[in-house]
Amino acid sequence: MTTSPNAPDLTGKLALVTGSSRGIGKAIAILLAGRGADIVLNYSSDSPPTDVQEAIEKLGRACTTVKADMGKPDQIIQMVEEVKKFAAEMAGVASKHSTGSEAQARPEPRIDILVNNAAIAPPSSPITKLRVADYDRAMDINARGPLILVQALYPYINDGGRIINIGSVSSRLQNPRGDSIYGGSKALLDFFTRAWAAEFASRNITVNAVLPGATSTDMLYEANAQHGTKEELNAMFAKQTPMGRVGDPDDVAQVVAWLSSESARWVTGQHIMASGGLGV
Ligand SMILES: NC(=O)c1ccc[n+]([C@@H]2O[C@H](COP(=O)([O-])OP(=O)(O)OC[C@H]3O[C@@H](n4cnc5c(N)ncnc54)[C@H](OP(=O)(O)O)[C@@H]3O)[C@@H](O)[C@H]2O)c1
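The present account deals with the structure reproduced in this document. On a predicted model such as this, the values are computed, not experimentally measured, just so you know.

### Thoughts on helix H9 (residues 249–260)
Link 1 in the chain: Between its first and last C-alpha, H9 extends 17 Å over 12 residues, near the 16 Å set by a 1.5 Å rise per residue.
Link 2 in the chain: Across the 12 residues of H9, 9 count as buried, placing the element largely inside the fold.
Link 3 in the chain: Of all the residues in H9, the buried ones are Pro249, Asp251, Val252, Ala253, Val255, Val256, Ala257, Leu259 and Ser260.
Link 4 in the chain: Of the surrounding elements, those touching the buried residues of H9 are helix H1 (23–34), strand S4 (111–116), strand S5 (157–166), strand S6 (206–212) and strand S7 (271–274).

### Here's the deal with unusual backbone geometry
Link 1 in the chain: In this structure, asparagine 204 takes a positive phi of about 55 degrees despite not being glycine.
Link 2 in the chain: Secondary-structure assignment places asparagine 204 in the loop between helix H6 (180–200) and S6.

### Quick notes on the site of the ligand
Link 1 in the chain: Near the ligand lie 30 residues; those nearest to it are Gly19, Gly23, Ser45, Ala119 and Thr217.
Link 2 in the chain: For the shell around the ligand, the secondary structure elements donating two or more residues are H1, strand S2 (38–43) and helix H7 (218–223).
Link 3 in the chain: Its residues placed into classes, the shell around the ligand shows 13 nonpolar, 14 polar and 3 charged.

### Re H1
Structurally, the α-helix is built with 3.6 residues per turn, so residues lying three or four positions apart point the same way.
Link 1 in the chain: For H1, with 12 residues, the first-to-last C-alpha span of 17 Å sits near the 16 Å given by 1.5 Å per residue.
Link 2 in the chain: In terms of burial, H1 is largely enclosed, as 12 of its 12 residues are buried.
Link 3 in the chain: Within the span of H1, buried status applies to Gly23, Ile24, Gly25, Lys26, Ala27, Ile28, Ala29, Ile30, Leu31, Leu32, Ala33 and Gly34.
Link 4 in the chain: One or two residues past the end of H1 sits glycine 36, with phi positive at roughly 115 degrees.

### Considerations on the packing of H1 against helix H2 (residues 50–58)
Link 1 in the chain: Packing of H1 against H2 leaves a shortest axis separation of 9 Å and a crossing angle of 15 degrees. Between H1 and H2, the crossing angle belongs to the class labelled roughly parallel. When the axes of H1 and H2 are compared, the crossing they make is right-handed. Residues Lys26, Ala29, Ile30 and Ala33 of H1 form the contact with H2, whose participating residues are Val52, Ala55 and Ile56.
Link 2 in the chain: The class makeup of the residues in the contact of H1 with H2 is 6 nonpolar, no polar and 1 charged.

### Quick look at the environment of histidine 271
Link 1 in the chain: Its location among the elements puts histidine 271 in strand S7.
Link 2 in the chain: On the neighbour-count criterion, histidine 271 (17 C-beta atoms within 10 Å) is partly exposed.
Link 3 in the chain: Between the alpha carbons of histidine 271 and glycine 244 there is a distance of 22 Å; along the sequence they are 27 residues apart.
Link 4 in the chain: If we ignore the near neighbours within four places in the chain, the residues touching histidine 271 are Gly167, Asp190, Thr193, Ala209 and Leu211.

### A short note on the sheet that holds S2
Link 1 in the chain: With parallel pairing, 7 strands are arranged side by side in an open sheet as S3-S2-S1-S4-S5-S6-S7. One side of each edge strand has no neighbouring strand; the edge strands of this open sheet are strand S3 (63–67) and S7. Adjacent strand axes in the sheet meet at a mean angle of 20 degrees, parallel and antiparallel pairs treated alike.
Link 2 in the chain: Sheet strands in contact with H2 are S2 and S3, and its direction is about 160 degrees off that of S3.

Conventions used here
Residues numbered from 1 in each chain as written. Predicted model: local features only at pLDDT ≥ 70, side-chain atom pairs only at ≥ 80, totals over all residues. Helix = DSSP H or I, 4+ residues; strand = E, 2+ residues; numbered from the N terminus. Expected span 1.5 Å × (residues − 1). Buried ≥ 20, exposed ≤ 12 C-beta atoms within 10 Å, placed from the backbone. Contact = placed C-beta atoms within 7 Å. Near = placed C-beta within 6 Å. Nonpolar A, V, L, I, M, F, W, Y, C, P; charged D, E, K, R; others polar. Axes fitted to C-alpha atoms, helices over the stretch in contact; angles between N-to-C directions. Parallel < 35°, antiparallel > 145°, perpendicular 65-115°, else oblique. Left-handed = near helix turned anticlockwise from the far one by under 90°. Pairing = 2+ DSSP bridges.

Set out below in structure tokens:
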């Protein structure tokens, strides 16, 4: 990862990235930390992402990990409590180095950037094979989870803050293999993006979506395992992508870092494809 002299400066910001133990979320967390943000990592599996935490701490940023299943409302609410605790600790550290008036200006624990990245992708399947359980789980994690998280976190997001939803080009593509559940859950997140952009504008909180195309992560290869090996899938998706390759997680993270920055202050309610032209 390189940081150009003109890279957005996120020093002093606090970011929560859901699903940041692997893949695109991990790349986003590390890039935002590289730009100066302190980070709350979220994961749902049994092992905490200590490798990601260590990478962030090596960059000189504070980092904590919170286990919470984005499909479980009670765990999301508990995560918000953990985020508030961490934010209060960070504010305490900052106030030790600031004047009394600056410390008073931050009475509540505050967060600056929320990236709703965690999601699952049930294998694409034709309409006759869809299972209600897959629909419920995907909608719970991919759409209801971000809604509950935003509802609980909203009072603690700083004015001028950022919400970035990681959608998918699947909300726009017609996939002949069948993609009602995953594409549908991402289409709902696209709508939330516009709805929240309008609702939160009075506090200068921008809300945007980044829609990755085929990106080299566990999700891409697991969700499409029935259609080929990793090498075969890379070749298939490269052929479908106008720029001729599968995306790298950092290709997506770069767009999130820009949307998080001061330079993007006038951009809200947008769905930005980071897909090498796939789905355009
Ligand atoms: N890869 C692609 O081609 C592609 C294309 C379009 C859009 N996207 C979107 O990009 C985002 C990241 O995907 P990815 O490809 O990086 O996926 P990934 O490699 O499968 O990683 C998923 C991340 O989400 C976490 N996660 C999964 N279920 C969760 C839950 N119930 N609660 C909390 N965290 C959970 C995982 O944590 P654990 O390690 O704890 O399981 C992991 O950190 C998703 O929104 C996805 O829909 C990806």
